[in-house]
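Coordinates in review
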Amino acid sequence: MKAVRTLILAFVLVALPGCQGQKAASTVGTDAAVEARIDKFLSQMTLSEKIGQMNQVSVGGDVSNYADALRKGQIGSILNEVDPVKVNEFQRISVEESRLGIPLLVGRDVIHGFHTVFPIPLGLAATFDPALVEQGARVAALEATAQGVRWTFSPMLDIARDPRWGRIAEGSGEDTYLDARMAEAMVYGYQGRAADTTSMAACIKHFVGYGAAEGGRDYNSTFLTERQLRNVYLPPFEAAVKAGAMTLMTSFNDNDGVPSTANTFMVKDVLRGEWGFDGLVVTDWNSMGEMIAHGYGTDRKDVAKKALDAGVDMDMMTYGYVSHLEELVHSGAVKEAAIDQAVRNILRVKILLGLFEHPYVDVDASAAVQYAPEHLAAAQRSVEESAILLKNNGVLPLEAAPLRNILVTGPLADAPHDQLGTWAFDGEKEHTVTPLKALKERFPGKVSYVPGLTYSRENRARFDDVVAAARRADVVLVFVGEEAILSGEAHSLADLNLKGSQSELLAALKATGKPVVATVMAGRPLTIERDLPNCDALLYAFHPGTMGGPALANLLFGDVTPSGKTPVTFLRTVGQVPLYYNHTMTGRPYNGETLLDDIPQEAGQTSLGNTSYYLDYGPYPLFPFGFGLSYTTFSYSDASLDRDVYGKDDTITISCTLANTGGRNGTEVVQVYVRDLMGSLTRPVKELKHFERVHLQAGESRTLQMQIPVSELAFYGQDGMKKVEPGDFQLWVAGDSDSGEPMNFCVK
Ligand code: NOJ
């Protein structure tokens, strides 16, 4: 956590309105002073007090229920208390009534905002805008810390290539590079770029491989090789560690037979040894205890020992450490030095957060911080940048003036709880602005509302009421998708089509001949191919959060031009899982061969095509990674590289001219992909290596210069070493992962 210290001690406050003026309260001193302070505590602590620091408890109800344990120093951290009065009371008992006065670390799942809820993380990733994502995380920290929360269990860095997995909602999608940039942004945002009482420790999770759950069923086993881990799944974690992430959570899954909470190689060798992480490692909720169900430990004592041996510092909700470590030390099975090390890691976080100096929150000030206008504005902008325009036959943007009757329909048009998405514990539906509410406010007297379906899974044979309303309307705005409950933890799905009669609703609306504009709110990329013909335009908003309504109204009516891009491949059918853009190449790449409908009845084996694809669905997704339309058009020209040949320490400079060739101002997410044509291993067909958002006025063009250090092309090869392998490469500059012409270069 050296980086944290440097970061916390040296940086200036991030320039977010609302955090300006916060005083830097760091009194932590130098590394040596911090460690000396920890040494002093360790020399004073009893074994039981040390083990108490390693115990995290989810609290609820009356504080007095925990008073005895707090006084005895048996709890080091609590989670799930956000009432500032109660948080202060928890801290008061710990600080004033326990022997050593060590404050608690107060944790909470603040995943995409605290009270002001931002788009789900998958939606945030669609912005391709780390600066904005950092701002969102800062807002979350300002609001949460104002109520006493100083530790969030975010960001989730699990690469997810299977949309059946409900937790795809909580991460940045399928791409390692995009995930790593979002990881850094969130760490900076939560922890702040200067230490003060608004710093909230980030917890990078779930370590590791959790997103590769077999079959997309949550909690399921994974079978990732060490090479896949190092090349695909670990880089976001490493980037977050470098950015100064103070804590990390082990995952529920076992990878190749080893449960993460007992994975010594990953925690001790890779995380701590190779990356130098000296932060706090916490289990997931009862993931220590679940090792018994995995069949990896006989009882709580056994799994407590295994977790400690692996280097896990804190136990979330197994009560394994607090119940058994003392006994394990006395029997000689566990060394007290291992406990000292864990306590050291925990106390270091508490010291760096300034908790000893500032254990309490100002209760009177906390309410004013919540839903501050600048927080709502940042949330709204995040939706405006994250919604992805997937289809537009020209109906969008809507021109308001000629519209007399706007029909708003669909189960997600006015679902204030559901548009917040998964993991929005502290979001309040009373503060949520739905599309219906925003549109009614914007166009008084012009909006009619007939829901058609009251919830996504409702089945209905006839839509007489909504069809009649559509016939009277000038335009139909239909909001479909899935409720918050259908994604997130433990909410995996096997069928990703729109649920219930939503597709039938779209078809019935389309049959009226009126323009139909669909907006999808969902926690994952749903398989919407069959619905596309039934709408004239489609905007994919994921779950947009508190300010979804006004942001979507701005997008639909052209105040803002869509700029979001798919952070994950959109599939035609769930049977294509897994299908992601940066796969390695087979020995038989698809070559435009026969599809099912073209197969003659009498066809023999050899006439079917001999390459890698599905006979019924071909090789392609519905929308590739990085895709998104705009209300304007962009053209790329004059792309070139500064050299043909680079050394391993060089930097590649890419030039290209981007022109806004349409009639509206707009923002393009320029993406650079690289392919390593031959290696000691088969290499991905493309890998994102750079992106940037470029805003251009209508008709404007700009020459861009982008740089990629050659060292970014390194990977773990056949010999297990990370290096750039010399040879030929291709590079694309384009608006999505499926466009552009390759340029060639060579690394010597
Ligand atoms: C279980 C989840 O897997 C994890 O992401 C979360 O942070 C903890 N529960 C705490 O709520």
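Conventions we followed
Residues numbered from 1 in each chain as written. Predicted model: local features only at pLDDT ≥ 70, side-chain atom pairs only at ≥ 80, totals over all residues. Heavy atoms only, no water. Helix = DSSP H or I, 4+ residues; strand = E, 2+ residues; numbered from the N terminus. Rg over C-alpha atoms; globule rule 2.2 N^0.38 Å. Contact = heavy atoms within 4.5 Å. Lys, Arg positive; Asp, Glu negative; His and termini not counted. Charge placed at Lys NZ, Arg CZ, Asp CG, Glu CD. Domains from an automatic or database assignment. Pairing = 2+ DSSP bridges. Axes fitted to C-alpha atoms, helices over the stretch in contact; angles between N-to-C directions. Buried < 20%, exposed > 50% of the residue type's maximum accessible area, 1.4 Å probe, protein only. Right-handed = clockwise from strand over helix to strand, strands pointing away. Near = heavy atom within 4 Å. Polar contact = N/O pair within 3.5 Å; in protein donor to acceptor, adjacent residues only side chain to side chain. Areas by Shrake-Rupley, 256 points an atom, 1.4 Å probe, with all protein chains shown as cover. Nonpolar A, V, L, I, M, F, W, Y, C, P; charged D, E, K, R; others polar. Salt bridge = Lys/Arg side-chain N within 4 Å of Asp/Glu carboxyl O. Parallel < 35°, antiparallel > 145°, perpendicular 65-115°, else oblique. Left-handed = near helix turned anticlockwise from the far one by under 90°.

Some points on the overall build of the chain
From N to C terminus, the chain includes 21 helices and 26 strands. At 27 Å, the chain has a C-alpha radius of gyration in line with the 27 Å of a compact globule built from 748 residues. For the chain, the spread of C-alpha atoms along the three principal axes comes to 75 × 65 × 50 Å. Considering only contacts in the chain between residues 6 or more positions apart, those separated by 24 or more positions represent 78%. Positive and negative side-chain charges in the chain, numbering 67 and 91 respectively, have mean positions lying 1 Å apart.

Notes on the domain arrangement of the chain
Assigned domains of the chain: these are domain 1 (2-14 + 21-366), domain 2 (387-556) and domain 3 (634-747). Spacing between the C-alpha centres of domain 2 and domain 3 amounts to 36 Å.

What to know about the sheet that holds strand E16 (residues 537-540)
The strand order E11-E16-E15-E14-E12-E13 describes an open sheet built from 6 strands, whose pairing is mixed. If you trace the sheet from one side to the other, it starts and ends with strand E11 (388-392) and strand E13 (447-449), each paired once. Between one strand and the next, the sheet's axes are offset by a mean angle of 20°, whatever the strand orientation. Pairing analysis gives 3 bridges linking strand E12 (residues 406-409) to E13, with the strands arranged parallel. In the strand pairing of E13, Ile406 is matched with Val447. Contacting E12, E13, strand E14 (475-481) and strand E15 (516-521), helix H18 (residues 435-442) crosses the sheet at an angle of about 150° to E13.

Considerations on the pairing of strand E3 (residues 105-108)
Alternating residues of E3 divide into Leu105 and Gly107 and Val106 and Arg108, and every residue in both groups is buried. The sheet contact formed by strand E2 (residues 77-79) and E3 spans 3 bridges and is parallel. Counterpart to Leu79 in the pairing with E3 is Gly107. Taking the sense of rotation as the criterion, the β-α-β connection linking E2, helix H5 (residues 84-97) and E3 turns out right-handed. Of the pairings in the sheet, the one linking E3 to strand E4 (residues 151-152) comprises 2 bridges and is parallel in character. Pairing of Gly107 across the sheet is with Trp151, part of E4.

Topic: unusual backbone geometry
With omega at -5°, the peptide bond leading from Leu396 into Pro397 counts as cis. Within the secondary structure, Pro397 is located in the loop between E11 and E12. Here Tyr319, not a glycine, exhibits a phi torsion of approximately 60°, which is positive. Within the secondary structure, Tyr319 is located in the loop between strand E10 (315-316) and helix H14 (320-330). Of the residues examined, Tyr319 reaches a relative accessible area of 31% and is grouped as partly exposed. Phi at Tyr371 is positive, roughly 55°, even though this residue is not glycine. Among the secondary structure elements, Tyr371 is positioned in the loop between helix H16 (363-369) and helix H17 (373-386).

Focus: the site of the ligand
As a matter of local geometry, the ligand sits amid Asp109, Phe153, Arg167, Lys205, His206, Met249, Phe252, Asp284, Trp285, Met316, Trp423 and Glu489. The side chain of His206 places a nitrogen or oxygen atom 2.7 Å from an oxygen atom of the ligand. Asp284 places a side-chain nitrogen or oxygen 2.5 Å from an oxygen atom of the ligand. Taken by itself the ligand offers 290 Å² of open surface, and the protein chains cover 96% of this. Partitioning the shell around the ligand into residue classes produces 6 nonpolar, 1 polar and 5 charged.

A word on the environment of Ser331
Positionally, Ser331 belongs in the loop between H14 and helix H15 (336-352). Separated by 153 residues in sequence, Ser331 and Leu178 have C-alpha atoms that sit 48 Å apart. At 3.4 Å, the side chain of Ser331 forms a polar contact with the backbone nitrogen of Ala333.

Some details on the pattern of salt bridges
Under the definition given, this model contains 44 salt bridges. A salt bridge links Arg381 to Asp129; the nearest nitrogen and oxygen atoms lie 3.9 Å apart. Residue Arg381 is found in helix H17, and its partner Asp129 is found in the loop between helix H6 (121-125) and helix H7 (130-145); the two are separated by 252 residues along the sequence. Asp278 is the salt-bridge partner of Arg348, the closest N and O atoms lying 3.9 Å from each other. Note that Arg348 is positioned in helix H15 and Asp278 in the loop between helix H11 (264-274) and strand E9 (280-282), a separation of 70 residues in sequence. Its relative accessible area of 4% is what places Arg348 among the buried residues. For Asp278, a relative accessible area of 17% corresponds to the buried category. Here the residues in one salt-bridge network are Glu35, Asp39, Asp278, Arg344 and Arg348, joined through shared partners.

Section: the packing of helix H2 (residues 31-44) against H15
At their nearest, the axes of H2 and H15 sit 10 Å apart, and the two run at 125° to each other. Of the possible angle classes, the one that applies to H2 and H15 is oblique. With respect to the hand of their crossing, H2 and H15 are arranged in right-handed fashion. On the side of H2, the interface is formed by Val34, Glu35, Arg37, Ile38, Asp39, Phe41 and Leu42, while H15 contributes Asp340, Val343, Arg344, Leu347, Arg348 and Ile351. Across the contact of H2 with H15, the residue classes tally to 7 nonpolar, no polar and 6 charged.

Brief notes about the packing of helix H4 (residues 64-71) against H5
The contact between H4 and H5 brings their axes to 9 Å, and the two run at 25°. In this view, H4 runs roughly parallel relative to H5, as classed from their interaxial angle. Classified by chirality, the crossing of H5 by H4 is right-handed. For the pair H4 and H5, contact is made by Tyr66, Ala67, Leu70 and Arg71 and by Phe90, Ile93, Ser94 and Glu97, respectively. Here the contact of H4 with H5 is composed, by residue class, of 5 nonpolar, 1 polar and 2 charged.

A word on the side chain of Thr422
Considering the arrangement of structural elements, one finds Thr422 in the loop between E12 and H18. When neighbours within four sequence positions are excluded, Thr422 is seen to be in contact with His112, Ile120, Ala169, Glu170, Ala484, Ser487, Gly488 and Glu489.

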